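# Close look at the chain arrangement
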Amino acid sequence: MGFKKTALITGITGQDGSILADFLLQKNYKIIGIKRRSSSFNTERINHLYNSKILNKSYFPFYGDLTDTTNLIRIIQQTKPHEIYNLAAQSHVRTSFETPEYTANADALGTLRLLEAIRILKLEKKIKFYQASTSEIFGNTKIPQNERTPFAPTSPYAISKLFSYWTVINYRKAYNIFAVNGILFNHEGERRGATFVTRKITRAVANYFYGNKQILYLGNLNARRDWGYANDYVKTMWLMLQQKKPSDYVISTGVSKSVKDFVNEAYNCIGVKIIWKGKGLGEVGIDQKTKKILIKIDKYYFRPTEVHELRGDSSKARKELKWKPKTSFKMLVKSMVEKDIQKLGNSI
Ligand code: NAP
Ligand code: F7E
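Right, let's walk through the structure included here.

Scoring rules and cut-offs
Residues numbered from 1 in each chain as written. Chains lettered and ligands numbered in written order. Predicted model: local features only at pLDDT ≥ 70, side-chain atom pairs only at ≥ 80, totals over all residues. Heavy atoms only, no water. Buried < 20%, exposed > 50% of the residue type's maximum accessible area, 1.4 Å probe, protein only. Helix = DSSP H or I, 4+ residues; strand = E, 2+ residues; numbered from the N terminus. Pairing = 2+ DSSP bridges. Right-handed = clockwise from strand over helix to strand, strands pointing away. Axes fitted to C-alpha atoms, helices over the stretch in contact; angles between N-to-C directions. Parallel < 35°, antiparallel > 145°, perpendicular 65-115°, else oblique. Left-handed = near helix turned anticlockwise from the far one by under 90°. Contact = heavy atoms within 4.5 Å. Nonpolar A, V, L, I, M, F, W, Y, C, P; charged D, E, K, R; others polar.

### A few points about the pairing of strand β1 (residues 6-10)
Most of β1 is tucked away, with 5 of its 5 residues classed as buried. Here β1 shows no split at all, with Thr6, Leu8 and Thr10 on one side and Ala7 and Ile9 on the other all buried. In this sheet, strand β2 (residues 30-35) lies alongside β1 in parallel orientation, the contact comprising 5 bridges. Along β2, the bridge assignment pairs alanine 7 with isoleucine 31. On the question of chirality, the crossover connecting β1 to the parallel β2 by way of helix α1 (residues 15-26) is right-handed. For β1 and strand β4 (residues 83-86), the ladder comprises 4 bridges, and the chain directions are parallel. Across the sheet, residue threonine 10 finds its bridge partner in β4, namely asparagine 86.

### Describing the packing of helix α3 (residues 69-79) against helix α5 (residues 100-120)
Where α3 meets α5, the axes come as close as 9 Å, and the angle between the chain directions of the two elements is 50°. When the axes of α3 and α5 are compared, the pair comes out oblique. You can see that α3 and α5 cross each other, and the crossing is right-handed. Contacts from Thr69, Leu72, Ile73 and Ile76 in α3 reach Arg113, Leu114, Ala117 and Ile120 in α5. Residue composition of the contact of α3 with α5, by class: 6 nonpolar, 1 polar and 1 charged.

Following this line, the structure appears as C-alpha cells:
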C-alpha cells in the first residue's frame, strides 16, 4: 500500500489522538501511535485501529512515555515520521495542582525531549512538529483571546504548556524546524474523558434518563468556556502542518457558555428543565417537574486558582487555514447526550 506520509501521534489513546488517527488514516497516512503501559486497558478509543494494523498495515503501536527520553529517540529513529503530533499530556487542570512536578515533566519537558530528539537525529529538515497548546495559557486576560493576547497562566498545567509554547517557537527560530503551536480552546465530544465537566454532565444526564437518581456534584457553575467539537478541531492540526510557513493559530468557536448553561442544555435534551435555587455552596439544580434535587455543589471540584472565562478569536485560522467550526453548542451537547444514552443502554 503506497502511503502518502507517516505521522507519529503521542497521546493516541486520548480523545484527540484517537480522532486524529481516524482522520489521518482516511488521508492514507501510516500512523505510529505512542501509548503508555497501564495495568488496566487504556485503548478503548483506539481498539478499532487494530483492523487497520492487520488489514492494510497502516497502524503501528509503540509503548512509550513523554518522560522517557531514550525511548522517544529510539521510536523517532526507527520510524522517521514526516509529521509528529504531540498530543500526550497530563491534561487535567485541577489534577495539575495535585501533581505539579509530574505535569511539568510530561507537559513541559516532554515537548523539549521530542524537539531535542529531532535535533539529535539531525531530522530538522525532515519532520514537521505540531504542539497541542491550549487556551489555558491565557488565564484571566482580556476577552476574546487571539494570537496577540498576552499570556497569564494560572495552573501548573497552563504554566507547563506555556513552557512548551515558547520551546516550540525557540526551536523554530533557532534550528529552523517546522514547528507550530495549535492554541486550541476547549473541545469536547463523545470520546471526552469522563472527569472533564462536559462529559461528567452528559453521563449524569444519561443515568437520569434510565431512572438513576444519583446526585451530580459539580464545582464552579459560573466558569465560562468556549466549547467546540473535537471532530471539527483535529483537522486544524493537520492543516497547520500543510501550510507553506510554520505559524501558531488560535482555534475556537468565538462563543462562550457557562457550566450552568451546559447543564441546562444537557438536561433539556431529555426534556428536563432545571430550576436553580440557593447561592454559593448551597446552590442546587432541581428537576422542575419532579422537584427532585439533581445537582449540588462540592467544593472539592473548585480549583485553587480558576480561569473565569475563555473565548477565542480564531480569525487568523479562519482566514489562513480556511477553516471554521461546523458544530454549534446545541449540536455538540445533543450529540454527547445521545451517545451516552446509547452507551449506557447497551451496558444495561
Ligand atoms: P486526553 O484525552 O487526556 O489524552 C491525553 C493523552 O496523553 C492520553 O493518550 C494519555 O494516555 C497520554 N499521556 C498522558 N501522559 C503521558 C505521558 N507521560 N506519556 C505518554 N502519554 C501520556 O487529552 P485530549 O483532550 O485528547 O487533549 C489532547 C492534547 O491537547 C493534550 O495535550 C491536551 O493538554 C491538549 N488540549 C486539549 C484540549 C481539549 O479541550 N481537549 C484543549 C487544548 C489543549 P492514557 O490514555 O494512558 O492516559
Ligand atoms: O473544566 C469547571 C472548572 O475540567 C471546565 C482540558 O482539556 O480544556 C480542558 O480544561 C470548567 C472549569 O476543563 C466541575 O472549574 C465545574 O472552569 O472540563 P474541565 P478545563 O479545565 O477547561 C483546556 C482548554 C485544556 O487544555 C485542558 O487540557 O468547568 N467545573 N465543575 C468543573 N470541572 C470539572 N472537571 N469537574 C467538575 O465537577
